[in-house]
Amino acid sequence: QVQVMNTGGGSVQAGGSLRLSCAASGNIAYRLAVGWYRQAPGKERELVAQVGQVGLTDYADSVKGRFSISRDRITGTGYLQMNNLQPEDTAVYYCFMNIVLQGAVRRQDYWGQGTQVTVSA
């Protein structure tokens, strides 16, 4: 019914950059907030960044000043630009999108598959 595609992971050296994208397709009336969580081995999943429908953003303290999240207002696609990546950013990154389905009145989160980001020293 709804498919969320999370793309753009990979391997880089410390100081490098990657850009993640999160797009949703299906029986969708409204694409609202979008964001990413990450989970490193042995650690709990943590919110990395999110952006709401009107553009308000929220970042984890550990990524402020290095990561930038944006959202295409027409397509609802989210982008996470990750600069100056460090080994501690290594994790599986999961995107979510807050969506209202056609004919529905309630919004809910849909998740994309995880994408691996690996940063070597």
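Within each chain, residue numbers correspond to sequence positions counted from 1 in written order. The predicted nature of this model means local features are confined to residues of pLDDT at least 70 and side-chain atom pairs, given and counted, to a pLDDT of 80 or more, with totals for whole chains, interfaces and linings taken over all residues. Hydrogen atoms and water are omitted, and side-chain values are computed over all heavy atoms in the structure.

Draft legend 1. Here's a closer look at the pattern of salt bridges. By salt bridge we mean one thing: a side-chain nitrogen of Lys or Arg within 4 Å of a carboxyl oxygen of Asp or Glu. Taken as a whole and judged by the stated rule, the model has 4 salt bridges. Each of Arg 38, Glu 46, Arg 66 and Asp 89 takes part in one network of salt bridges that share partners.

Draft legend 2. Structural context of the nonpolar core. In plain words, nonpolar cores are sets of buried Ala, Val, Leu, Ile, Met, Phe, Trp, Tyr and Cys residues tied together by side-chain atoms within 4.5 Å. Summary of the burial criterion: residues with accessible area below 20% of their type's maximum are buried, those above 50% are exposed, and those between are partly exposed, where the area comes from a 1.4 Å probe applied to protein chains only. Ranked by size, the top nonpolar core spans 31 residues in total, and within it Trp 36, Val 48, Phe 67, Leu 80, Met 82, Tyr 93 and Ile 99 carry the most contacts. Contacts were defined at the residue level, with two residues in contact if any of their heavy atoms lie within 4.5 Å. Filtering out sequence-adjacent residues up to four positions away, Val 48 remains in contact with Trp 36, Tyr 37, Arg 38, Asp 58, Tyr 59, Ala 60, Val 63, Phe 67, Leu 80 and Tyr 93.

Draft legend 3. Geometry of the pairing of strand 5 (residues 46–51). In this description, strands pair whenever DSSP reports at least two bridges between them. A run of H or I in DSSP counts as a helix once it spans at least four residues, and a run of E counts as a strand once it spans at least two, with each numbered from the N terminus. Looking at chain direction, strand 4 (residues 28–39) and strand 5 are connected through 5 bridges and run antiparallel. If you follow Trp 36 over to strand 5, its bridge partner there is Ala 49. Hairpin connection between strand 4 and strand 5: a loop of 6 residues separates the two successive antiparallel strands, and Gly 42 in this loop has a positive phi of roughly 80°. Where strand 5 and strand 6 (residues 57–59) come together, 3 bridges link them in antiparallel fashion.

Draft legend 4. Structural context of the side chain of Thr 77. Relative to the helices and strands, Thr 77 resides in the loop between strand 7 (67–71) and strand 8 (78–82). Polar contacts involving the side chain of Thr 77 include one to the side chain of Thr 75, which spans 3.2 Å. Ignoring anything within four residues of it in the chain, the contact list for Thr 77 reads Cys 22, Ala 23, Ser 70, Arg 71 and Asp 72. For this analysis, a polar contact is any N or O atom pair within 3.5 Å, provided that within protein one partner can donate a hydrogen and the other can accept it, and provided that sequence-adjacent residues contribute only side-chain to side-chain pairs.

Draft legend 5. Expanded view of unusual backbone geometry. The phi dihedral of Asn 84 is positive, around 50°, even though this residue is not glycine. Secondary-structure assignment places Asn 84 in the loop between strand 8 and strand 9 (91–101).

Draft legend 6. Focus on the environment of Gly 8. Positionally, Gly 8 belongs in the loop between strand 1 (2–7) and strand 2 (10–13). A residue is classified by how much of its surface remains accessible, and Gly 8, at 33% relative accessible area, is partly exposed. Between the alpha carbons of Gly 8 and Gln 116 there is a distance of 8.8 Å; along the sequence they are 108 residues apart. Setting aside its immediate chain neighbours within four residues, Gly 8 contacts Leu 18, Arg 19 and Leu 20.

Draft legend 7. Structural detail: the packing of aromatic side chains. The aromatic pairing rule takes the rings of Phe, Tyr and Trp, using the six-membered ring of Trp, and pairs them if the centres are within 6.5 Å, calling planes under 30 degrees apart stacked, those over 60 edge-to-face and the rest tilted. Counting across every chain of the model gives 3 aromatic pairs. Through a chain of ring-to-ring contacts, three or more aromatic side chains come together here, namely Tyr 37, Phe 96 and Trp 111. For a ring to carry a charge above it, either NZ of a lysine or CZ of an arginine must fall within 6 Å of the ring centroid while also lying within 35 degrees of the normal to the ring plane. Arg 45 extends its terminal NZ or CZ atom over the ring of Tyr 94, reaching a point 4.1 Å from the ring centre. Its end group placed over the ring of Trp 111, Arg 45 keeps NZ or CZ at 5.4 Å from the ring centre.

Draft legend 8. Structural detail: the sheet that holds strand 3 (residues 18–26). Taken together, the 4 strands give an open sheet; going across it, the order is 1-3-8-7, and neighbouring strands pair in antiparallel fashion. Whereas interior strands pair on both sides, the edge strands pair on one side only; in this sheet they are strand 1 and strand 7. Taken pair by pair, the neighbouring strands of this sheet meet at an average axis angle of 10°, ignoring direction. As judged from the 5 bridges shared by strand 3 and strand 8, these two strands associate in the antiparallel manner. The residue of strand 8 that forms the bridge with Arg 19 is Gln 81. The axes are straight lines fitted to the C-alpha atoms, using for helices just the contacting stretch, and the angles between their N-to-C directions are given from 0 to 180°.

Purely geometric stuff here, so don't read any function into it on its own.
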